[in-house]
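# Analysis of the macromolecular model
So you can see what is in the structure, the chains are spelled out below.
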Amino acid sequence: MFHPFDVEQFLSELEHGVSYNFSESGVHPMTLRELAGMTGLDLEAFMDTLLDYPQVNGFALLRERIASLYAGAGAANVMVTVGATEANTLVANTLLAPGDSMVAFRPIYEQLTGNARNRGVTVRYVEMDPFNSWRIDGAAVAAAVDETTKVVHVINPNNPTGRVLDAAERAAIVSAAQKVGAWIVSDEVYAGTERDTDITTRSFWGDYDKVMVLNSMSKAYGLPGLRLGWLVGPEPEITATWRRHEYAAVAASTLSMKLAEAVLEEPGRNAIVARARSLIRIGFETLTEALAVHPGVFSVTPPQASAMSFVRFDLPVDSDTLARRLHAEKDVLVIPGDKFHVEKHFRFSSALPEAYLREGLRRLNQMVAEILSQA
Ligand SMILES: Cc1ncc(COP(=O)(O)O)c(C=O)c1O
């Protein structure tokens, strides 16, 4: 049986054409001109880029720059993919086989888990605690693994909650994976989007020998249109993903890889990450202010990272009805919590231009007033 990717289906059907879109997960994207300005890329010279088939596993310079972000890694530990999206598909096809099981933490962006389920893999979910800042119970992690478990999957920082795992949670995850010899697949696309610190979320790379990390240009770098991501892992498994990449895509695009090389060169890289954090911090303050307009209706565990907030609401409608009414009546798009198996929540992205954000929030509050007056 095929399991569609519910969140992405909802987005691709509704996000284009809506006037106020708060359903995306990244910061306000950059233009090519802004990218050139922040990196010092010579756009005139860039015009001479030869649009040949590029190096299949990624240009060597790009893989070196990616590897330099992970202590002890070299270019041979890196596979360049078409976004973290392709990386998740390659990982599922490389590390998992029908009949295997994997463990994941919910609420979650179901990219790896969905691929796994479509491959005949059983996914065991450990629920994060909504009443305790979305913490993970270490004992529940230990209980979830068994000899069929081939992957323990984390998204850190998490989508949709923005939670960053603490040291105890990380240790529990490593110890559970180690106990059964499972891989840790760590989706770290939100590393660099920290809201309350300038310290980048620590990678799982180096914590344990069976770790595959994935990341991309889409979130901290604000460049989702490049469709450029990567995997970092031990060489044999990286080579195995390369063999699958030849089927899936042959290679990422030449232009995207060249631009990513420029983005990852300091001091441009730092400046681009700082841009994302600034948008995230200002946007969250504006959101918090707007959510206070109707006291008692909204509550949110402040995200430690990411542009997203997973907002709880106390209104006499379910999350799908709220999202669909916002879309139909206010031309505003948010993601209903039921897409993450959590009711009475919606996911809202706020690292956007101030005037746009304020108008969308005004419309959200108008919708709340109308629902309350109709109740
Ligand atoms: C946790 C997570 N992983 C992977 C992706 C895919 O990102 P990319 O744009 O790099 O394909 C997303 C996008 O929303 C995400 O939230």
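Residues numbered from 1 in each chain as written. Predicted model: local features only at pLDDT ≥ 70, side-chain atom pairs only at ≥ 80, totals over all residues. Heavy atoms only, no water.

## Comments concerning the site of the ligand
Taken together, 15 residues surround the ligand, and among them Thr85, Asp187, Tyr190, Ser216 and Ser218 come closest. One of the side-chain N or O atoms of asparagine 159 is found 2.8 Å from an oxygen atom in the ligand. Protein contact buries 95% of the 400 Å² of open area that the ligand shows by itself. Ranked by residue count, the leading element in the shell around the ligand is helix H5 (residues 83–95), at three residues. (Near = heavy atom within 4 Å. Polar contact = N/O pair within 3.5 Å; in protein donor to acceptor, adjacent residues only side chain to side chain. Areas by Shrake-Rupley, 256 points an atom, 1.4 Å probe, with all protein chains shown as cover. Helix = DSSP H or I, 4+ residues; strand = E, 2+ residues; numbered from the N terminus.)

## So, the sheet that holds strand E6 (residues 183–187)
Read across the sheet, seven strands follow the order E2-E8-E7-E6-E5-E3-E4 without closing on themselves; strand pairing throughout is mixed. Strand pairing shows two members of the sheet lacking a second neighbour, strand E2 (78–81) and strand E4 (122–127), which therefore form its edges. The average undirected angle you get between the axes of adjacent strands in this sheet is 20 degrees. Its contacts with the sheet put helix H6 (residues 111–118) on strand E3 (101–106), E4, strand E5 (149–155) and E6, and the angle it makes with E4 is roughly 150 degrees. Contacting E3, E5 and E6, helix H8 (residues 167–180) runs over the sheet at an angle of about 165 degrees to E5. (Pairing = 2+ DSSP bridges. Axes fitted to C-alpha atoms, helices over the stretch in contact; angles between N-to-C directions. Contact = heavy atoms within 4.5 Å.)

## Focus on the nonpolar core
Phe105 and Met217 are the most contacted members of the largest nonpolar core, which totals 85 residues. Two domains each provide a minimum of three residues to this core, namely domain 1 (6–31 + 269–374) and domain 2 (49–264). Residues in contact with methionine 217, not counting those within four places in the same chain, are Gly222, Leu223, Pro224, Leu226, Leu228, Trp230, Ala260, Val263 and Leu264. Within the second largest apolar cluster, 27 residues are counted, among which are Ala87, Val91, Tyr109 and Ala116. (Core = buried A, V, L, I, M, F, W, Y, C linked by side-chain atoms within 4.5 Å. Buried < 20%, exposed > 50% of the residue type's maximum accessible area, 1.4 Å probe, protein only. Domains from an automatic or database assignment.)

## What to know about the environment of isoleucine 136
Counting through the fold element by element, isoleucine 136 comes out in the loop between E4 and helix H7 (138–144). On the basis of relative accessible area, isoleucine 136 is assigned to the buried category, the value being 10%. Taking the C-alpha atoms as reference, isoleucine 136 lies 9.2 Å from alanine 172; in sequence the two are 36 residues apart. Contact partners of isoleucine 136, with chain neighbours within four places excluded, come to Phe105, Met128, Val141, Leu165 and Glu169.

## Brief notes about the side chain of threonine 286
With respect to the element layout, threonine 286 can be found in helix H11 (residues 268–291). Given the relative accessible area of 4%, threonine 286 is considered buried. A polar contact is formed between the side chain of threonine 286 and the side chain of glutamate 354, at a distance of 3.3 Å. When neighbours within four sequence positions are excluded, threonine 286 is seen to be in contact with Glu354, Leu357, Arg358 and Leu361.

## Points about unusual backbone geometry
The omega torsion of the bond from arginine 106 to proline 107 falls at 5 degrees, within 30 degrees of zero and hence cis. By secondary structure assignment, the location of proline 107 is in the loop between E3 and H6. The residue after glutamate 266, namely proline 267, is reached through a cis peptide bond having omega 5 degrees. Relative to the assigned elements, proline 267 resides in the loop between helix H10 (254–263) and H11. The backbone of tryptophan 134 sits at a positive phi, close to 60 degrees, despite the residue not being glycine. Tracing the sequence through the fold places tryptophan 134 in the loop between E4 and H7.

## Considerations on the pairing of strand E8 (residues 229–232)
Side chains Gly229 and Leu231 of E8 all project onto a buried face; the interleaved residues Trp230 and Val232 project onto the opposite face, where all are buried too. Direction of pairing for E2 relative to E8: antiparallel, over a ladder of four bridges. Looking at E8, one finds that valine 80 is bridged to tryptophan 230. Relative to E8, strand E7 (residues 211–216) is paired through four bridges, and the arrangement is antiparallel. Pairing of leucine 214 across the sheet is with leucine 231, part of E8.

## Concerning the sheet that holds strand E12 (residues 335–336)
An order of E9-E10-E13-E12 is seen for the four strands of this open sheet, with the pairing classed as antiparallel. Sheet topology places strand E9 (298–300) and E12 at the edges, where each strand pairs with a single neighbour. Where strand E10 (residues 308–313) and strand E13 (residues 345–349) come together, five bridges link them in antiparallel fashion. Each bridged residue has a counterpart across the sheet, and for serine 309 the counterpart in E13 is phenylalanine 348.

## What to know about the domain arrangement of the protein chain
Domain parsing of the protein chain yields domain 1 (6–31 + 269–374) and domain 2 (49–264). For domain 1 and domain 2, the distance between their C-alpha centroids amounts to 25 Å. Facing 29 residues of domain 1, the contacting portion of domain 2 comprises 34 residues. Of the roughly 2,800 Å² buried at the junction of domain 1 and domain 2 (both faces included), carbon and sulfur atoms supply 55%. Area buried by domain 1 at its contact with domain 2 is led by Arg269, Arg277 and Gln304, which between them contribute 25% of it. Across the contact surface, domain 1 and domain 2 share three salt bridges. Of the charged contacts, one joins arginine 277 and aspartate 198 as a salt bridge, the two residues approaching to 3.9 Å between their closest N and O atoms. At the junction of domain 1 and domain 2, the tally comes to 21 residue pairs in polar contact (both at pLDDT 80 or more). (Buried area = accessible area lost by both parts, 1.4 Å probe. Salt bridge = Lys/Arg side-chain N within 4 Å of Asp/Glu carboxyl O.)

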